[in-house]
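# Secondary and tertiary structure notes
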Protein chains: 2
Amino acid sequence: MALSQTDIASRLDWVAVDWGTSNLRLWAMDANDAILARAESDLGLNKITDGGFETVLRDLIAGWLPDHLSQDDRISVIICGMAGAKQGWCEAPYATVPARPETLAAGVVKPVLRQVGLDVHILPGLCQVDDPDVMRGEETQLVGFMADHPDFAGWVCLPGTHSKWARIENGSITGFRTYMSGEVFALLSQQSILRHSMPGADDAQAFESAIRHVAEKQGDLLHCLFGIRASGLVAPNTDTAGAGAATLSGYVIGSEIADIVARLDHSESIALIGDGKLSARYNQALRVHGFDAEIIDAEAATLGGLRRAHTVLTNL
Amino acid sequence: MALSQTDIASRLDWVAVDWGTSNLRLWAMDANDAILARAESDLGLNKITDGGFETVLRDLIAGWLPDHLSQDDRISVIICGMAGAKQGWCEAPYATVPARPETLAAGVVKPVLRQVGLDVHILPGLCQVDDPDVMRGEETQLVGFMADHPDFAGWVCLPGTHSKWARIENGSITGFRTYMSGEVFALLSQQSILRHSMPGADDAQAFESAIRHVAEKQGDLLHCLFGIRASGLVAPNTDTAGAGAATLSGYVIGSEIADIVARLDHSESIALIGDGKLSARYNQALRVHGFDAEIIDAEAATLGGLRRAHTVLTNL
């Protein structure tokens, strides 16, 4: 049962925020790190004009706060994600791999606020100089995952628009690789000539055929893609002809998976953090290569990482 | 010096047309296959509504025709390209590989015309059922190339939106592979997150670095791409940071070239038919792999193929 505003305000200890490019999510937390309430909004980085971050934040959490905040109130707000980008609220320069959770928490920046009562901390992203790469937000999910899996050694994948594969060892993020799989899928399925070949969105068999096609190195991605169009014209009865979207997804994800599995051996653990349906597809692709991943809830990982940062910052 | 309309009309024997998706080109030809005049228009397939093809054609060549055409006049018009697609003027079903120039010419269709005086032939495209693939228009350029290089054995590349690599042997097109390189480059450079990283369009050194990066299999295309964005954020002084467009072009073309060169040996000849600047880039990429191509003018190849079709059809 949802708590009343009075109950939330009386028990509120800190606020956790994941502020992304296209939306943000917020949690009211008590002193034992339990969730009192949740909120979300589509006011991601893309929709906020100059200086609007503080107003948006205060509007969204107003119902959780005591009626009168004074200069002595310092309710902690811990934010991860694009709010710390150069074009965000206040730039939090990237930490560099290898990075431990404490290193990331120590990299917070505190924007100057117009009103009293809050103490806002924005977490840094993570970068890699050799084989240049960046993330903002996913590092906090990785920290949350590591809190629950202190002895994990292996790779953690965060599928999405810009899919990330991070190597974790001895409680540290040692390196990572980004793949533009989600964005490339979206562009090709909506705006390329392949948009005419996108019926039958969910076909596990066509998806797996495409994964195998890539795994067997039958051709480069740029060639496989055109086959989706061509098979509809010259071989309309084949697997791929009626399941263009699943085949496209299989070629794109298969290309990512084939590249990453070439870099790891079968003794290594893999975990997938993300949306359930997409994670299941990634795991289907991994199984073609003889791997099997543990699937982790994305919200739990994000919140775990924000909790860990809050604990580190409280004890500083 | 340009000929007068009267001279053109008195010497006109046939009309050659390359009717593509976004534009068309036309040539007035005399009985010795010499060019009397040229025309072009942006009325490609995409802009023509139902039934408008004959009107567009007659408008564009009106100045080349004698004043009064009768039922007995049958000026031959030979058309290649998308005019023969299902959504074109009149569908010319694909010929299948292996295909000789005579096979292609024999596959012409003749649309029913509303007015007298012309005899319109639309050439078929070419398809491949095993490893499904299609082309419409490029097969005519290949025929033109083969007319000038009767003993050629090897691969001919036609770079472009949907780049084609065709195998030619014993005067026959035996197979081909399409790569969506040009379309993928356009989508990524204009509509993906990489659009923010596209300064310095022409940097031969950055292009070649990217080609080598792919040739050395340092990573899958989907990963390399994100490096263009990331290097601008974390390593702004590297090669790729100031030359995003050349690097993107190198990754995309490099991916295509690496795939095709794995399928051929160094004894095979390669020819490139197309736009001079793009062909030069493709050849730069081929040289990284130890190949060197002959570069062929695209208009000459198109016209050569249409001439060959006209000769075959005249002698039938």
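Residues numbered from 1 in each chain as written. Chains lettered and ligands numbered in written order. Predicted model: local features only at pLDDT ≥ 70, side-chain atom pairs only at ≥ 80, totals over all residues.

### Structural notes on the sheet that holds strand β12 (residues 269-273) of chain A
Residue and element names in this part refer to chain A. On the basis of which strands lie adjacent, the open sheet formed by 5 strands has the order β11-β10-β9-β12-β13 and mixed pairing. Bordering the open sheet on either side are β11 (172-179) and β13 (294-296), each of which pairs with just one other strand. With direction set aside, neighbouring strand axes in the sheet form an average angle of 25°. Judged from the 5 bridges that link them, strand β9 (residues 154-158) and strand β10 (residues 163-169) form a sheet pairing that is antiparallel. (Pairing = 2+ DSSP bridges. Helix = DSSP H or I, 4+ residues; strand = E, 2+ residues; numbered from the N terminus. Axes fitted to C-alpha atoms, helices over the stretch in contact; angles between N-to-C directions.)

### Comments concerning the relation of the copies chain A and chain B
When chain A is fitted to chain B, the best match, at an RMSD of 0.1 Å, comes from turning it 180° and sliding it 0.0 Å along the axis. Both copies are brought into coincidence by an operation consistent with a two-fold rotation axis. The position closest to the rotation axis in chain A is occupied by the C-alpha of A:Leu187, lying 3.5 Å away. Interface overlap between copies: 100% of the residues of chain A at the interface are likewise at the interface in chain B, consistent with a symmetric, same-surface contact. (Least-squares fit on C-alpha atoms with pLDDT ≥ 70 in both. Contact = placed C-beta atoms within 7 Å.)

### So, the interface of chain A and chain B
Each partner contributes residues to the interface: chain A has 34 residues there, and chain B has 34 residues. Secondary-structure elements contributing two or more residues to the side of chain A that touches chain B are β8 (133-135), β11, α5 (181-191), α7 (221-234) and α8 (244-261) of chain A. It is α7(A) that contributes the most residues to the side of chain A that touches chain B, 10 residues altogether. Taken together, the residues of the side of chain A that touches chain B sort by class into 18 nonpolar, 10 polar and 6 charged. (Nonpolar A, V, L, I, M, F, W, Y, C, P; charged D, E, K, R; others polar.)

### A short note on helix α6 (residues 204-215) of chain A
Residue and element names in this part refer to chain A. Its 12 residues give α6 an end-to-end C-alpha distance of 16 Å, which sits within 8% of 16 Å, the value for a rise of 1.5 Å per residue. For α6, the complete set of buried residues consists of Ala 206, Phe 207, Ala 210, Ile 211 and Val 214. End-on, the buried residues of α6 take up no more than an arc of 140°, which puts them together on one face. Against the buried residues of α6 lie α7, α8 and α9 (276-288). Lys 217 sits one or two residues past α6 and shows a positive phi near 50°. (Expected span 1.5 Å × (residues − 1). Buried ≥ 20, exposed ≤ 12 C-beta atoms within 10 Å, placed from the backbone. Arc of directions from axis to C-beta.)

### Looking at the environment of B:Thr55
Residue and element names in this part refer to chain B. Position of Thr 55 among the secondary structure elements: in helix α2 (residues 53-61). Take Thr 55: there are 13 C-beta atoms within 10 Å of it, and that puts it in the partly exposed class. Along the sequence, Thr 55 and Thr 314 sit 259 residues apart, while their C-alpha atoms lie 25 Å from each other.

### Description of helix α4 (residues 138-148) of chain A
Burial analysis of α4(A) places 9 of its 11 residues in the buried class, which makes it a mostly covered element. Among all positions in α4(A), only A:Glu138, A:Glu139, A:Thr140, A:Gln141, A:Leu142, A:Val143, A:Gly144, A:Phe145 and A:Met146 are buried.

### Details of unusual backbone geometry
Backbone phi values are negative for most residues with the exception of glycine, while trans is the configuration of most peptide bonds. Residues and elements named next belong to chain A. Following Val 97, the chain continues into Pro 98 via a peptide bond in cis, with omega recorded as -5°. Here Pro 98 shows up in the loop between β5 (95-96) and α3 (101-106). The phi torsion at Asp 33 lies on the positive side, around 65°, for a residue other than glycine. Among the structural elements, Asp 33 can be located in the loop between β2 (24-29) and β3 (35-41).

### Quick notes on the confidence of the model for chain A
In the predicted model, chain A carries a mean pLDDT of 93, and the fraction of residues at 70 or more is 97%. As scored by the predictor, the complex reaches a pTM of 0.93 and an ipTM of 0.91. (pLDDT = per-residue confidence, 0-100.)

### A look at the sheet that holds strand β1 (residues 14-19) of chain A
Residue and element names in this part refer to chain A. Overall, mixed pairing links the 5 strands, which are arranged β3-β2-β1-β4-β6 in an open sheet. Pairing within the sheet leaves two strands with one partner each, and these edge strands are β3 and β6 (117-122). Direction aside, the axes of adjacent strands within the sheet are offset by 20° on average. When β1 meets strand β4 (residues 74-81), the two strands line up parallel, connected through 6 bridges. Within β4, the position partnered with Asp 18 by the bridge is Cys 80. Most of the contacts of helix α10 (residues 298-314) go to β4, to which it runs at about 135°, and overall it touches β1, β2, β4 and β6.

### A few points about the packing of helix α7 (residues 221-234) of chain B against helix α8 (residues 244-261) of chain B
All names here are of chain B. At a minimum axis separation of 10 Å, α7 and α8 run at an interaxial angle of 175°. If you check the angle between α7 and α8, you find them roughly antiparallel. Note on element contacts: α8 touches α7 through Gly 244, Thr 247, Leu 248, Tyr 251 and Ser 255, opposite Leu 221, Cys 224, Leu 225 and Ile 228. Partitioned by chemical class, the residues of the contact of α7 with α8 number 6 nonpolar, 3 polar and no charged. (Parallel < 35°, antiparallel > 145°, perpendicular 65-115°, else oblique.)

### Considering the nonpolar core
Nonpolar side chains in soluble globular proteins tend to end up buried together. Of all hydrophobic cores here, the largest spans 185 residues; its most connected members are A:Ile79, A:Val156, A:Leu225, B:Ile79, B:Val156 and B:Leu225. Those residues in contact with A:Leu225 that lie beyond four places of it in its chain are A:Leu188, A:Leu194, A:Tyr251 and B:Met180. (Core = buried A, V, L, I, M, F, W, Y, C linked by C-beta atoms within 7 Å.)

### Examining the environment of A:Val184
Mapped onto the elements of the fold, A:Val184 is located in helix α5. A C-alpha to C-alpha distance of 13 Å links A:Val184 and A:Arg195, two positions 11 residues apart in sequence.

### Comments concerning the packing of helix α6 (residues 204-215) of chain B against helix α9 (residues 276-288) of chain B
Residues and elements named next belong to chain B. At a minimum axis separation of 10 Å, α6 and α9 run at an interaxial angle of 45°. Between α6 and α9, the angle falls in the class oblique. Here the hand of the crossing between α6 and α9 comes out right-handed. Residue-level inspection shows Ala 204, Phe 207, Glu 208, Ile 211, Arg 212 and Ala 215 of α6 in contact with α9, the latter providing Arg 281, Gln 284, Ala 285 and Val 288. When the residues that make up the contact of α6 with α9 are grouped by side-chain class, the tally is 6 nonpolar, 1 polar and 3 charged. (Left-handed = near helix turned anticlockwise from the far one by under 90°.)

### Some thoughts on the pairing of strand β12 (residues 269-273) of chain B
It is a general feature of regular strands that their side chains alternate between the two faces of the sheet. Residues and elements named next belong to chain B. Bridge count between strand β9 (residues 154-158) and β12: 4 bridges; the pairing is parallel. Along β12, the bridge assignment pairs Gly 154 with Ser 269. Inspection of the sheet shows β12 paired to strand β13 (residues 294-296) by 3 bridges, in the parallel sense. Across the sheet, residue Ile 273 finds its bridge partner in β13, namely Ile 296. In the classification by handedness, the crossover that spans β12, the intervening α9 and the parallel β13 is right-handed. (Right-handed = clockwise from strand over helix to strand, strands pointing away.)

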